[in-house]
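A look at the structure
The primary structure of each chain is shown beneath.
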Amino acid sequence: KLIYFLLLFFCFIPFKTLASESVVAILNGKYYDLLEDAINAADDNDTITILSDMTLDNRILINKTITLNLNNHTISANNIVFRVEGGTLNLIGKGTLKEINPEYSPLLLKGSQNKDDTNYTNVSVSKDINLYGWSGIFIDQNNGYGYGITVNFSGNIQSVLDITSSKGFGIYINGKIKDTYNYPVINILDDASIDSLGVGLYMAGYSKVNIKGENIKITGLDSAIAMKSGILTIDDGTFIVNGKKVKPVTGNNSGINESGATIQIESNKNYKGNIELYINNGTFESKNSNNIYEYVYNSSNTNIKNIKITNGKFITYNNNNVFDFSSNFNYKNLKFITGGVYKTDPSRYVVSGYKVKDTNDFVVETFKEVEGNEKVKSKKVIIIGITFLLVLVIVGYLIKGRIINQQDTYQITWK
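Residues numbered from 1 in each chain as written. Predicted model: local features only at pLDDT ≥ 70, side-chain atom pairs only at ≥ 80, totals over all residues. Heavy atoms only, no water.

**As for the pairing of strand E29 (residues 292-297)**
E29 sits mainly inside the fold: five of its six residues count as buried. Sheet topology places strand E26 (residues 263-268) next to E29; six bridges connect them, and they run parallel. By the bridge assignment for E29, Asn268 is matched with Tyr297. (Buried < 20%, exposed > 50% of the residue type's maximum accessible area, 1.4 Å probe, protein only. Helix = DSSP H or I, 4+ residues; strand = E, 2+ residues; numbered from the N terminus. Pairing = 2+ DSSP bridges.)

**Observations regarding the sheet that holds strand E20 (residues 199-203)**
If you walk across this open sheet you meet the 10 strands as E5-E8-E11-E14-E17-E20-E23-E26-E29-E32, and the pairing is parallel. Whereas interior strands pair on both sides, the edge strands pair on one side only; in this sheet they are strand E5 (60-62) and strand E32 (323-324). Relative to E26, strand E23 (residues 223-227) runs parallel, the two being bridged by three bridges. Paired with Ile225 across the bridge in E26 is Ile263.

**A closer look at the packing of aromatic side chains**
Across all of its chains, the model carries 25 aromatic pairs by this definition. Summarising the aromatic geometry, the rings of Trp134 and Tyr172 are spaced 6.0 Å apart at their centres and angled 65° between planes, so their arrangement reads as edge-to-face. Linking Trp134 in the loop between strand E13 (129-133) and strand E14 (135-140) with Tyr172 in strand E17 (residues 169-173), this pair joins segments that are 38 residues apart in sequence. Residue class for Tyr172 comes out buried when judged on its relative accessible area of 12%. Ring geometry for Phe325 against Tyr349: centres 5.4 Å apart, planes inclined by 65°, an arrangement best described as edge-to-face. Placement of the pair is Phe325 in the loop between E32 and helix H3 (327-331) and Tyr349 in the loop between strand E33 (340-342) and strand E34 (354-358), with a sequence separation of 24 residues. (Phe/Tyr/Trp six-rings, centres within 6.5 Å; stacked < 30°, edge-to-face > 60°.)

**A word on the sheet that holds strand E6 (residues 65-69)**
Ordered in space as E2-E1-E3-E6-E9-E12-E15-E18-E21-E24-E27-E30, the 12 strands form an open sheet in which the pairing is mixed. Pairing within the sheet leaves two strands with one partner each, and these edge strands are strand E2 (30-32) and strand E30 (304-309). The mean angle between the axes of side-by-side strands here comes to 10°, regardless of whether they run parallel or antiparallel. Of the pairings in the sheet, the one linking strand E15 (residues 149-153) to strand E18 (residues 185-189) comprises four bridges and is parallel in character. (Axes fitted to C-alpha atoms, helices over the stretch in contact; angles between N-to-C directions.)

**Some remarks on the side chain of Asn122**
Inspection of the secondary structure puts Asn122 in strand E12 (residues 121-125). Classification of Asn122 by relative accessible area gives buried; the value is 13%. Within the local environment of Asn122, its side chain forms a polar contact with the side chain of Thr88, the two groups lying 3.1 Å apart. Engagement of the side chain of Asn122 in a polar contact is seen with the backbone oxygen of Asn119, the distance being 3.2 Å. Apart from the residues within four sequence positions on either side, Asn122 is in contact with Val84, Gly87, Thr88, Leu89 and Thr150. (Polar contact = N/O pair within 3.5 Å; in protein donor to acceptor, adjacent residues only side chain to side chain. Contact = heavy atoms within 4.5 Å.)

**Thoughts on the pattern of salt bridges**
Scanning the model with the defined rule gives nine salt bridges in all. Close ionic contact of Lys110 with Asp140 constitutes a salt bridge, the shortest N to O distance being 3.2 Å. Taken together, the residues Lys110 in strand E11 (residues 107-110) and Asp140 in strand E14 connect sequence positions 30 residues apart. Residue Asp140 is classed as buried on the basis of its relative accessible area of 15%. Note that Glu258 is salt-bridged to Lys167, the shortest N-O span being 3.8 Å. Note that Glu258 is positioned in the loop between strand E25 (238-241) and E26 and Lys167 in the loop between strand E16 (156-159) and E17, a separation of 91 residues in sequence. When salt bridges that share partners are traced, they join Lys167, Asp222 and Glu258 into one network. (Salt bridge = Lys/Arg side-chain N within 4 Å of Asp/Glu carboxyl O.)

**Side note on the pairing of E25**
When strand E22 (residues 217-220) meets E25, the two strands line up parallel, connected through four bridges. Across the sheet, Lys217 pairs through a bridge with Thr238, a residue of E25. As paired strands, E25 and strand E28 (residues 283-286) are joined by four bridges and run parallel to one another. Paired with Val241 across the bridge in E28 is Ser286.

**Thoughts on the nonpolar core**
The nonpolar side chains of soluble globular proteins are, as a tendency, buried together. Of all hydrophobic cores here, the largest spans 78 residues; its most connected members are Leu35, Ile75, Phe82, Leu107, Ile188 and Ile211. Ignoring sequence-local partners within four residues, the contact set of Leu35 consists of Val24, Ala25, Ile48, Ile50, Met54, Ile60, Leu68, Ile75 and Phe82. Among the nonpolar cores identified, the runner-up in size contains 15 residues, and Ile80, Ala226, Ala261 and Tyr293 belong to it. (Core = buried A, V, L, I, M, F, W, Y, C linked by side-chain atoms within 4.5 Å.)

As structure tokens, this is what we get:
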């Protein structure tokens, strides 16, 4: 009877309570000892929940649409954790992807070779996800192409030295990506944080990067942002570089030289170039160098196609100029500033119709704003003057009335 009872008892125990202690993930109520098995079993749009920390023997290919809930756990691999190619990976919950021996990135993305493949490779990283490696997100080329890549990033990146002590990049776009059609798009969104021992954001290949969110913070030792190609729009955020001041004059075809500038631009003909930079707001700080430094290598011209600054706060120290552009750029005599606050005088680059107001810092505003402020001041002066005159008239009238009353009283008494 006891044996019969025990058999009956175990038959009716829910399956989930019989899960092995080695399980690492659950998908649609089923447990898996290997994450790769769970991913292979998943259908498009399924969600896999991680149940324990794990170290992968090999990187895992994502070529379908998967949501991965890290569920407060860490997934580690020797170098690359996930390679996303022809699929979508959504990382949610809290947790970490980590390179044990930093060399590439926990997230390696490859686009399509077919220029008409849109939404080919997609990655979304929520705000409580941490990426630790030589690069946090590595957008690699696919035989020179990278079509159909989109990244939405709100998480945290810690970019460290690789196994050879080479400095890394928070987000890295490979320089062989040169097509200006269906190029990678990276959206760095509110709450995102990137801290790099090298460069925070490195736009070597042609791509479009949109940075939007006041809580965004990108910090680098060599530079916060380095550009050789592409379109960068900054709507808000804080960008800080802590490294020493260096003035590279030669190019680097395998990375970027250190400069200590908040935004470093290398005009190098070996890359696509076509650089467009739009700054609408944000705080830009260099501890030892410039906020924007641009230099030309192996070319007779700058690769800056367009640049506009409508607002922002630009901070430098020790009399370092906010801007230091190449003679090639300055020869064009481009005017691109219509607003913002600067530590050094930006008058050379201010658009016609705007002026620099020298206070403790240099503030750029329109003549209309200046005239408007002066008109407001004039109106205030006029109102104060009129009010003062009215007060004088009223006081005079009262005094006069009092004198008359006193005279009338005196005459009555005398009679």
